[in-house]
Amino acid sequence: MFRAIADVLRQIGGAIATVVTLPFRALARLFGGASSAGRGRRA
């Protein structure tokens, strides 16, 4: 019972974390790619 609840909460938390971090990762790639391209260095 508790294990099933924990699994559901873990899945929900993982989905929320993915949705929350995706825009920040996209922004980081955008700005990181632009700045590193200006310096001629790729991370």
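Here, the structure is the one placed above.
All values derive from a computational prediction rather than experimental measurement.

Within the protein, the secondary structure is distributed over 1 helix and 0 strands. Expressed as a percentage of its 43 residues, the buried residues of the protein come to 2%.

Moving on: a nonpolar patch on the surface. A grouping of Met1, Phe2, Ile5, Val8, Leu9, Ile12, Ile16, Val20, Phe24, Leu27, Leu30 and Phe31 is seen on the molecular surface, where their side chains present a nonpolar patch of about 1,400 Å² in accessible area. Here Val20 falls in the partly exposed class, since its relative accessible area comes to 44%.

Time to look at the pattern of salt bridges. As enumerated under the stated definition, the model contains 1 salt bridge in all. When the shortest N-O distance is used, the salt bridge between Asp7 and Arg10 registers 2.8 Å. With Asp7 and Arg10 both in helix H1 (residues 2-39) and 3 residues apart, this pair spans about one turn of that helix.

What counts as what
- Residues numbered from 1 in each chain as written.
- Predicted model: local features only at pLDDT ≥ 70, side-chain atom pairs only at ≥ 80, totals over all residues.
- Heavy atoms only, no water.
- Helix = DSSP H or I, 4+ residues; strand = E, 2+ residues; numbered from the N terminus.
- Buried < 20%, exposed > 50% of the residue type's maximum accessible area, 1.4 Å probe, protein only.
- Patch = residues over 30% accessible without salt bridge, like charges linked within 9 Å, V, L, I, M, F, W, Y side chains within 5 Å.
- Areas by Shrake-Rupley, 256 points an atom, 1.4 Å probe, with all protein chains shown as cover.
- Salt bridge = Lys/Arg side-chain N within 4 Å of Asp/Glu carboxyl O.

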